[in-house]
Amino acid sequence: MSIFTGSGVAIVTPFLPDGSVNYEKLDELIEYHIAHKTDAIIICGTTGESSTLTEEEHMQCIKFTVEQAKKRIPVIAGTGSNATFTTIEMSREAVDYGVDGLLLVTPYYNKATQKGLIAHYKAVAAEAKAPIILYSVASRTGLNITPETAAELAKVENIVAIKEASGNISQIAKIMQLTDGKLDLYSGNDDQIVPLLSLGGKGVISVLANIAPEYTHDLCQKFFDGDLKGSLKMQLDALPLIDKLFCEVNPIPVKTAMNLLGKEVGELKMPLSSMEEDHKMALAKEMEKFGLKLA
């Protein structure tokens, strides 16, 4: 059984002016997504600025989200690290909190071999007894999950899915061919939701869903309901906005967009910086064209 089907939001982490986590606002965002058809919440991923959270903040955000969600929506925790031991410790703690799944990015900077990558994931899976989503995003980590590695890891009982953000459709098709239904596929790129659904994907782990949750859910649902033309139109119609959401490194634009909508999620943690003014103006213009009402 899939952890979720449809639109999983890679939720932002809201901050107070002093840089601490704004838990009151995080609670608001959780309720907002539950009310607006989001199918799962992914907490402490890239979009949640996990790399600049302290470990205490990281784990508290996961615990808080599980407690506030109250099993009304699946909660998936990003607990990947470039150290296997750290990944195991954080993953076990998240499982103890009651998460529905773990999102594990490939170890970054170390540049492990595929053999090392397989050993890493198998070690984590043996210790953290929860459904695991592999996360392949070589543009950030410098480490790709090859189709052959994905096929080997699919043999592990609790490794159940892959978030594919390589952008390489040929690689993704090969993964689906080699794993033969043993791995659920989630798009890690908002501009490739429909292409990946067409390869058998179960949905998307989405940045766009932070500001357009119902739209992202409906885009997936139309595909599942057989309205391929309608789903494709929604995908293509959203491309200009998606382009602006990635005109600077994620999550700079999406956090800016949420503040433009009046959601007051705060600033970004250094070394991420505020959005360039010309980019911000172009983003605001595209949001209005898309039908979003600015504050």
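Owing to the predicted nature of the structure, the values given are computational and were not obtained by experimental measurement.

### Some thoughts on the overall build of the protein chain
In terms of helices and strands, the protein chain carries twelve helices and eight strands. In terms of overall size, the protein chain behaves like a compact globule, its C-alpha atoms giving a radius of gyration of 18 Å where 295 residues would be expected to give roughly 19 Å. Counting only C-alpha atoms, the protein chain reaches 50 × 45 × 35 Å along its principal axes. Sequence separation of at least 24 residues holds for 70% of the intrachain contacts in the protein chain that already meet a minimum separation of 6. Roughly 12,700 Å² of accessible area belongs to the protein chain as shown, and the carbon and sulfur atoms make up 52% of that amount.

### What to know about the pairing of strand 1 (residues 6–10)
In terms of residue burial, strand 1 counts as a mostly covered element, since five of its five residues are buried. Where strand 1 meets strand 8 (residues 203–206), four bridges bridge the pair, whose relative direction is parallel. By the bridge assignment, Ser7 is partnered in strand 8 with Val204. In the sheet, strand 1 pairs with strand 2 (residues 40–43) via three bridges, with the strands oriented parallel.

### With respect to the packing of helix 11 (residues 252–260) against helix 12 (residues 277–290)
If you want to describe how two helices pack, look at the angle between their axes and the distance between the axes. Contact geometry for helix 11 and helix 12: axes closest at 10 Å, N-to-C directions at 60°. Viewed along their axes, helix 11 and helix 12 adopt a mutual orientation that is oblique. In this structure, helix 11 crosses over helix 12, and the sense of that crossing is right-handed. Here Pro253, Thr256, Ala257 and Leu260 of helix 11 lie close against helix 12, whose contacting residues are Lys280, Leu283, Ala284 and Met287.

### Here's the deal with the UniProt feature "site: Part of a proton relay during catalysis" (unreviewed entry) in the protein chain
Sites flagged by UniProt as "site: Part of a proton relay during catalysis" (unreviewed entry) map to Thr46 and Tyr109. Residues from the named set that contribute to the lining of the largest pocket are Thr46. With respect to the helices and strands, Thr46 occurs in the loop between strand 2 and helix 2 (55–69). Those residues in contact with Thr46 that lie beyond four places of it in its chain are Tyr135, Arg140, Asn250 and Pro251. Classification of Tyr109 as exposed rests on a relative accessible area of 75%.

### Describing the pattern of salt bridges
Considering all chains together, one arrives at 14 salt bridges under this definition. As a salt-bridge pair, Glu57 and Lys269 come within 3.0 Å of each other at their nearest N and O atoms. A residue pair is termed long-range when its members are at least 10 positions apart, and Glu57 in helix 2 and Lys269 in the loop between helix 11 and helix 12 qualify at 212 residues. Judged by its relative accessible area of 15%, Glu57 is buried. When its relative accessible area of 15% is taken as the criterion, Lys269 is described as buried. The salt bridge involving Lys244 is made with Asp243; its shortest N-O contact spans 3.7 Å. Shared partners join several salt bridges into a network, and the residues in it are Lys122, Glu152 and Lys155.

So, how was this worked out
- Residues numbered from 1 in each chain as written.
- Predicted model: local features only at pLDDT ≥ 70, side-chain atom pairs only at ≥ 80, totals over all residues.
- Heavy atoms only, no water.
- Helix = DSSP H or I, 4+ residues; strand = E, 2+ residues; numbered from the N terminus.
- Rg over C-alpha atoms; globule rule 2.2 N^0.38 Å.
- Contact = heavy atoms within 4.5 Å.
- Areas by Shrake-Rupley, 256 points an atom, 1.4 Å probe, with all protein chains shown as cover.
- Buried < 20%, exposed > 50% of the residue type's maximum accessible area, 1.4 Å probe, protein only.
- Pairing = 2+ DSSP bridges.
- Axes fitted to C-alpha atoms, helices over the stretch in contact; angles between N-to-C directions.
- Parallel < 35°, antiparallel > 145°, perpendicular 65-115°, else oblique.
- Left-handed = near helix turned anticlockwise from the far one by under 90°.
- UniProt positions renumbered as here; feature names shortened; annotations may be inferred.
- 1 Å grid on protein atoms, 1.4 Å probe; cavity = no way out; pocket = protein on both sides within 12 Å on 5 of 7 lines; lining within 4 Å.
- Salt bridge = Lys/Arg side-chain N within 4 Å of Asp/Glu carboxyl O.

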